Amino acid sequence: MRAELGSQLLQTLFWRLGGCRTLRTGALQEPLRESEPLSGSVRPFEAIPQSQDNPWTKMLRIWMDNGYENMHLETQEMFQKLGPIYRDKVGTMSTVNVMMPQDVEKVLKAEGAVPRRDLVLPWLMHRQIRKIKRGIFLLNGKEWLNYRIKLNQEVLSVKSTGQFAPLVTSVCQDFVQQLNDQIQKNARKSMTFNLCPHVFRFTTEAGTYVLYGERLGLLSNNPNPDGLKFIQAMNNILSSTPLLIYTPMALTQLFNSKTWKLHLQAWDDTFQYAEKCIQKIYQEMCLNGSPQYSGIMAELLMRGDLSLDAIKANITELTAGSVETTSFPIISTLFELARNQDLQSALRTESKEAAARLKENPELLVKELPLLRAAIKETLRLYPVGSLLHRYLAKDTVLQNYNVPTGTLIQIPLYAMGRSPEVFVRPERYDPTRWLAAASDPGNNQISNFRFLFFGYGIRQCIGRRLAETEMLLFLHHVLKNFQVETLCKDNLKLIYRFVLHPKSFPLFTFRVLN
């Protein structure tokens, strides 16, 4: 009986990692390109150092542990043990791992005109079961490229940043006002609390306001029921994804697990909210014509070059992909600033000096607050929420003097890169000025680009980059102008990997109102 169960389990795992490969990477592939000429000293692919862990034992351990919490630490250890390039295998999925900037540059420049990456299988299965369109998070190939080009104008351009920055500013002001009201009730004019759930509500409120053009009311004392239902759906999607991503989908569907049901319902609720917003925007457009800027969804509807289903799919995926990836860096930045009061004071001075200019011209946000931008970069170096980049090589490439063939899946672990003394001087030190120095040295700028990859690179870089940067910059800008932030926690933040990399526990912060 055990032998049969083991055989069935291995077959199921094979289906998950091998048999469904076309679902995960997409059927469209780039045509093969010419290989790089090889010199006699270039070593063959098989000579690349390889992890000696049994691939199926590793897969079973991940599955039984409901995840891979220490993936970033194990990857860092493998680089220390095997060197700057190594091969790894989990189940039937093989990868080559690199972290040196010169290798990363080669990989990203060999990704092809339409880069491919792995897709989030639980999200993909929901779309297939419900027979609804997929957005760019769940596409590869020409369809992805078509959507991406049309979305860039409203999501990633400098002009769009200037349009949605005032919406984010209004949410920041509400957050500051609500927090100030609570602190004023305390005789000491300070408050110590767990900031995480409040920041999560802020990022959800700001993100949905920009994307859907509607406030959820999550920062008020009496949030509306739709807002509460929406944020619960977001919580359920984000909490269930890491459990499902490591569980064979065939097994999940066979037993119709509670987690899978929760995941499906959460996506259904999110799509229902998007449908409601589309209907509301249409009614306003019919009554008032083209109103003033009211969010990305409204702009896409007015342009009319994407179908309603395509707009709905892309907006909902943008929402799910933006909440945690913005909230955790905000908390990590405040933690480092709370431990470094001199740096916090310098940032506060910068924010106060820029306040009037930003209020008059929101588009200046892309150039203002250089030290705060550098602080966010430094946070993302030490605490990269999206801890891995994946690319499939579109041509044979020489990495660390090894020939790596076309079609190989390359993995770039950002945690290991960010904490390597071979890449950064004194990597354990939180020092935003390292990025200011890199920006001021044109000769160093190219290498700098391939050391900071939190938002990806090239045409497949994060579509929500401008929105995420705007939320982080404006939130920290407004908080630092109004509050002194402190913490008694002296220990470094310990991170765990659960679909994204985030703190294992959250420190308490003390906020004091500034005179």
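Reading guide: rules and limits
- Residues numbered from 1 in each chain as written.
- Predicted model: local features only at pLDDT ≥ 70, side-chain atom pairs only at ≥ 80, totals over all residues.
- Heavy atoms only, no water.
- pLDDT = per-residue confidence, 0-100.
- Helix = DSSP H or I, 4+ residues; strand = E, 2+ residues; numbered from the N terminus.
- Contact = heavy atoms within 4.5 Å.
- Phe/Tyr/Trp six-rings, centres within 6.5 Å; stacked < 30°, edge-to-face > 60°.
- Buried < 20%, exposed > 50% of the residue type's maximum accessible area, 1.4 Å probe, protein only.
- Lys NZ or Arg CZ within 6 Å of the ring centre and 35° of its normal.
- Axes fitted to C-alpha atoms, helices over the stretch in contact; angles between N-to-C directions.
- Parallel < 35°, antiparallel > 145°, perpendicular 65-115°, else oblique.
- Left-handed = near helix turned anticlockwise from the far one by under 90°.
- Nonpolar A, V, L, I, M, F, W, Y, C, P; charged D, E, K, R; others polar.

A.B. asks: Explain the confidence of the model for the protein to me, and be specific about the residues and the numbers.
C.D. replies: Low pLDDT means the predicted atomic positions in that stretch should not be read closely. Mean pLDDT over the protein: 85, with 87% of residues reaching 70 or higher. Looking over the protein, one finds the lowest element-wise mean pLDDT in helix H2 (residues 21-25), namely 35, and the highest in strand E8 (residues 483-486), namely 97. Low pLDDT, under 50, characterises residues 1-37; the predicted model gives this stretch 73 contacts beyond four residues in sequence or across chains.

A.B. asks: So what about the packing of aromatic side chains? Which residues, and what values?
C.D. replies: Counted according to the given criterion, the structure contains 17 aromatic pairs. Judged by centre distance (6.0 Å) and plane angle (80°), the rings of Tyr-212 and Phe-230 are edge-to-face. One end of the pair, Tyr-212, is in helix H9 (residues 196-212); the other, Phe-230, is in helix H10 (residues 225-245), and 18 residues separate them in sequence. Of the two residues, Tyr-212 and Phe-230, both sit in the buried class. Its end group placed over the ring of Trp-267, Arg-127 keeps NZ or CZ at 4.0 Å from the ring centre.

A.B. asks: So what about the packing of helix H8 (residues 158-184) against H9? Which residues, and what values?
C.D. replies: Where H8 contacts H9, the two axes come as close as 9 Å, and the packing angle between them is 150°. Put simply, H8 runs roughly antiparallel to H9. Viewed along their axes, H8 and H9 form a crossing whose handedness is right-handed. Contact residues: Phe-164, Leu-167, Val-168, Ser-170, Val-171, Cys-172 and Phe-175 in H8; His-198, Phe-202, Glu-205, Ala-206, Tyr-209 and Val-210 in H9. Among the residues forming the contact of H8 with H9, the class breakdown is 10 nonpolar, two polar and one charged.

A.B. asks: Describe helix H13 (residues 296-303), naming the residues involved and giving the relevant values.
C.D. replies: In terms of burial, H13 is a largely internal element, six of the eight residues being buried. Those residues of H13 not exposed but buried are Ile-296, Met-297, Ala-298, Glu-299, Leu-300 and Leu-301. Residues of H13 that are buried in the fold lie against helix H7 (141-155), H8, H9, helix H12 (258-288) and helix H14 (308-320). Where H13 terminates, the next one or two residues include Gly-304, which has phi positive at roughly 75°.

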